[in-house]
Amino acid sequence: MSESPPTTPVCYRHPGRQTYVRCTRCDRPICPDCMREASVGHQCPECVNEGRRSVRPARTAFGGGAAGRHGYVTRALIALNVLLMLLSIASDRGGDAAVGGSGFGGLLGGSTPLTDWGSVLGGAIFPDGTVGGIAEGQWYRLLTAMFLHFGVVHLLLNMWALWVLGRSLEANLGPLRFLSLYLVAGFGGNVAAYLFSEPYVTTAGASTAIFGLFAALIVIERKMGRDISQVIPILVINLVFTLTVPGISIPGHLGGLVVGAAMALVLAYAPRSRRSLVQFAGGAVLVLALLGLALVRTAALVG
């Protein structure tokens, strides 16, 4: 009796293709189009996908997602600030929104309807007779002010700093933690401006958050054992500008610096076992404390 010739295996995904290669994980035959290189041999697409689902996503040293190395949040923040600058210029129908203001020898722009709407303002009577300000219930100003600028030069200086500082911090912290740092620091600087500025003085700009990023970079780099000797002189120069150049909000910058440092300490030194919970709780405590200070200031102005 004659024996039948052995049958050549065919790819389980492409039955018309003969192959002698098998997936090292499930042992099914796979053709060259279905081969996925593995540490040993090749695997089929299904086994590769299954393996990816079983692997925990990479995290940074501070618990954040590894996607922060792409700088998506930094880019998005810059895009948002640029967009609002364009809207601010449009709201002024040209005017002196871009340049022609009083700061830096006239290089900074003037106020616009958009900055009047969104900048930090304790309380004032507008030319049309309406009353506005945080003390009048416009609490949104404590957030919107960090995305508005008085002119293109003001915007460019802050966006350059955000580009340099933001990418490094986002890569170390991850997207969500970096965004939290930025928002809490900016909010803290705006609350400080509300607390220590005259009620009728307007304050706006990303500088409150930027100074927080400066402080955070020092905290994070020290935590990771890196050299910070190049960061300190730049921060000192910015502090000298803050204290000597007219028209700059000293409370806003210093407030952002202090709150940014506090938030960075929470993110950097949270215990590993309950890191996410401690980081969230620490950030929430900071925000609640700032809101409490803003309420005290509002009570003083209204009373």
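Criteria and thresholds
- For every chain, the first residue of its written sequence is number 1, and the numbers climb from 1 along that sequence.
- Thresholds applied to this predicted model are a pLDDT of at least 70 for local features of residues and 80 or more for the giving and counting of side-chain atom pairs; totals over whole chains, interfaces and linings are not thresholded and use all residues.
- Hydrogen atoms and water are omitted, and side-chain values are computed over all heavy atoms in the structure.
- Axis definition: a line fitted to C-alpha atoms, over the contacting stretch in the case of helices. Angles run 0 to 180 degrees between N-to-C directions.
- Numbering goes from the N terminus for both helices and strands, where a helix is a DSSP run of H or I of at least four residues and a strand is a run of E of at least two.
- Any angle from 65 to 115 degrees is called roughly perpendicular, while one under 35 is roughly parallel, one over 145 is roughly antiparallel, and all others are oblique.
- Rotating anticlockwise by less than a right angle from the far helix to the near helix defines a left-handed crossing, while the corresponding clockwise rotation defines a right-handed one.
- Note on contacts: a residue pair is in contact if any heavy atoms of the two residues lie within 4.5 Å.
- Polar here means any residue other than Ala, Val, Leu, Ile, Met, Phe, Trp, Tyr, Cys and Pro, which are nonpolar, and Asp, Glu, Lys and Arg, which are charged; Gly is therefore polar.
- Categorising residues by exposure relies on relative accessible area from a 1.4 Å probe, with only protein chains included: less than 20% of the type maximum marks a residue as buried, more than 50% marks it as exposed, and the intermediate range marks it as partly exposed.
- Side-chain atoms alone can form a polar contact between residues adjacent in sequence; in general such a contact is a pair of N or O atoms within 3.5 Å, and within protein one must be able to donate a hydrogen while the other accepts it.
- Here a cavity denotes grid points, spaced 1 Å and computed from the protein atoms alone, that fit a 1.4 Å probe unable to get out, and a pocket denotes an open set having protein on both sides within 12 Å along at least 5 of 7 lines; residues with an atom within 4 Å of a point are the lining.
- Grid points are joined across faces, edges and corners, and a volume is the space filled by probe spheres set on the points.
- Helix span, as expected, comes to 1.5 Å for every residue beyond the first.

### Examining the packing of helix α6 (residues 175–196) against helix α10 (residues 275–302)
Next up, step 1: Interhelical geometry of α6 versus α10 gives an angle of 20 degrees and a closest axis separation of 10 Å. By the angle class used here, α6 and α10 are roughly parallel. In this structure, α6 crosses over α10, and the sense of that crossing is left-handed. On the side of α6, the interface is formed by Arg177, Val184, Phe187, Gly188, Val191, Tyr194 and Leu195, while α10 contributes Ser276, Gln279, Leu286, Val287, Leu290, Leu291, Leu293, Ala294, Arg297, Thr298 and Leu301.
Next up, step 2: By residue class, the composition of the contact of α6 with α10 is twelve nonpolar, four polar and two charged.

### As for the side chain of histidine 154
Next up, step 1: Considering the arrangement of structural elements, one finds histidine 154 in helix α5 (residues 152–173).
Next up, step 2: The class for histidine 154 is buried, based on a relative accessible area of 14%.
Next up, step 3: Polar contacts involving the side chain of histidine 154 include one to the main-chain amide nitrogen of phenylalanine 150, which spans 3.0 Å.

### With respect to empty space enclosed by the protein
Next up, step 1: Overall, the coordinates contain one cavity of 30 Å³ or more when judged by the stated rule.
Next up, step 2: Computed from the structure, the largest cavity encloses a volume of approximately 30 Å³.
Next up, step 3: Residue composition of the lining of the largest cavity, grouped by class: five nonpolar, three polar and one charged.

### A look at helix α9 (residues 250–269)
Next up, step 1: Over its 20 residues, α9 runs 28 Å from end to end, which matches the ideal 28 Å to within 8%, given 1.5 Å per residue.
Next up, step 2: Buried within α9 are the following residues: Gly252, His253, Gly255, Gly256, Leu257, Val259, Gly260, Met263, Ala264, Val266, Leu267 and Ala268.
Next up, step 3: As for α9, its buried residues are in contact with α5, α6, α7 (207–223), α8 (231–244) and α10.

### Concerning the packing of α8 against α9
Next up, step 1: Relative orientation of the contacting elements α8 and α9 amounts to 150 degrees, with a least axis distance of 9 Å. It follows from the interaxial angle that α8 and α9 lie roughly antiparallel. When you trace α8 past α9, the crossing you get is left-handed. Where α8 abuts α9, its residues Leu235, Leu239, Thr242 and Leu243 lie against Ile250, His253, Leu254 and Leu257.

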